[in-house]
Amino acid sequence: RAAESRKSKVMSCCEPSAPEGATAKVIGRLQFAGEGICDDKRPLTFRSDECCFPSGPTGDEWAAAKPGLVPLLTEVDALSTIDTRCCATPDPFASKKDLDAQWMPKVNDHLAKHGLIAQLHAFWNYNGQSSTPMMQMLVSSQSSHPSKSHPRPPFFPLPHSHHPFR
């Protein structure tokens, strides 16, 4: 339980507001990462639910959307930038620009079919001694998707004397 609690807290302090058409709640995150011991070698993609990675999305909508997202994830590496000025590590901020312009529209077209929407968030993660640039894909439910509209049952107030909580 403690490991799950730590894993779910891998996020930045200043997240963007939910994208237009999304519920405010993020249902899961995928981390921009590569291969190798430091997750900084090509191919770069988005991953979750591994050691030091955020908890990925869950739910029926995600289960239905995930198989179609897998081929799109293979496109991330070609649109990602490596910072050659320092240590040849991935540059989340430069990569975000290209991914937002060329890749996220395809991702959101696919996710919309399943009542989901995503956005990229690049930020600096500070651990008290050093900082690291990071990027996550935040996945939310669409607030107006037909699968989200469940009619409410009619409200029939009970007489005061029959109220179960009094």
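Procedures and definitions
Residues numbered from 1 in each chain as written. Predicted model: local features only at pLDDT ≥ 70, side-chain atom pairs only at ≥ 80, totals over all residues. Heavy atoms only, no water. Phe/Tyr/Trp six-rings, centres within 6.5 Å; stacked < 30°, edge-to-face > 60°. Helix = DSSP H or I, 4+ residues; strand = E, 2+ residues; numbered from the N terminus. Buried < 20%, exposed > 50% of the residue type's maximum accessible area, 1.4 Å probe, protein only. Disulfide = S-S within 2.5 Å. Pairing = 2+ DSSP bridges. Core = buried A, V, L, I, M, F, W, Y, C linked by side-chain atoms within 4.5 Å. Contact = heavy atoms within 4.5 Å. Polar contact = N/O pair within 3.5 Å; in protein donor to acceptor, adjacent residues only side chain to side chain. Axes fitted to C-alpha atoms, helices over the stretch in contact; angles between N-to-C directions. Parallel < 35°, antiparallel > 145°, perpendicular 65-115°, else oblique. Nonpolar A, V, L, I, M, F, W, Y, C, P; charged D, E, K, R; others polar. Arc of directions from axis to C-beta. Salt bridge = Lys/Arg side-chain N within 4 Å of Asp/Glu carboxyl O.

1. Some details on the packing of aromatic side chains
Applying the stated criterion to the full structure yields 3 aromatic pairs. Measuring from ring centre to ring centre gives 5.6 Å for F32 and F46, while their planes differ by 50°; the resulting arrangement is tilted. Of this pair, F32 sits in strand 1 (residues 22-35) while F46 sits in strand 2 (residues 41-47), and the two are 14 residues apart along the sequence. F46 carries the same exposure label as F32, and that label is buried. Centroid distance F46 to W103: 5.6 Å. Interplanar angle 5°. Geometry classified as stacked. Here the residue F46 occupies a position in strand 2, and W103 occupies one in the loop between helix 3 (92-102) and helix 4 (104-112), the gap between them amounting to 57 residues. A relative accessible area of 3% means that F46 is categorised as buried. Owing to a relative accessible area of 0%, W103 belongs among the buried residues under this scheme.

2. A closer look at the state of the cysteines
Under the definition given, this model contains 0 disulfides. In this model C52 remains outside any disulfide bridge; the closest cysteine sulfur is found in C51, 3.6 Å from its own.

3. A short note on the pairing of strand 6 (residues 131-142)
Where burial is concerned, most of strand 6 is hidden: 9 out of the 12 residues are buried. Of the strand pairs in this sheet, strand 5 (residues 116-126) and strand 6 are connected by 11 bridges, and their pairing is antiparallel. In the sheet register, Y126 faces strand 6, and the bridge partner there is S131. Taking the residues between adjacent antiparallel strands as the criterion, strand 5 and strand 6 are bridged by 4 residues, where G128 takes a positive phi near 100°.

4. Notes on the nonpolar core
Within the largest apolar cluster, 23 residues are counted, with the highest numbers of intra-cluster contacts made by F46, L99, W103, V107 and M137. The element best represented in this core is helix 2 (residues 60-73), accounting for 5 residues. Setting aside its immediate chain neighbours within four residues, W103 contacts F46, L72, L73, E75, V76, L79, D98 and M137.

5. Observations regarding the side chain of R47
As for its placement among the helices and strands, R47 is situated in strand 2. Here the side chain of R47 touches G34 through a polar contact of 2.3 Å, landing on its backbone oxygen. Not counting residues up to four positions away in its chain, the partners in contact with R47 are L30, Q31, A33, G34, E35, D39 and F53.

6. Quick word on the packing of helix 3 against helix 4
Contact pair helix 3 / helix 4: the axes reach a minimum separation of 4 Å and the direction vectors enclose 50°. In terms of orientation, helix 3 lies oblique with respect to helix 4. Along its contact with helix 3, which presents L99, D100, A101 and Q102, the element helix 4 presents M104, P105 and K106. In terms of residue class, the contact of helix 3 with helix 4 is made up of 4 nonpolar, 1 polar and 2 charged.

7. Looking at helix 4
Those residues of helix 4 not exposed but buried are M104, V107, H110 and L111. Taken around the axis of helix 4, the buried residues stretch over an arc of 125°, which confines them to a single face. Each element contacted by the buried residues of helix 4 is listed here: helix 2, helix 3, strand 5 and strand 6.

8. Some points on the pattern of salt bridges
As a working rule, side chains carrying opposite charge can pair if their charged atoms are close by. Evaluated as defined, the whole model comprises 5 salt bridges. Note that D77 and R42 form a salt bridge whose closest N and O atoms lie 2.8 Å from each other. Taken together, the residues span a long stretch of sequence, with D77 in the loop between helix 2 and strand 3 (82-83) and R42 in strand 2 at a distance of 35 residues.

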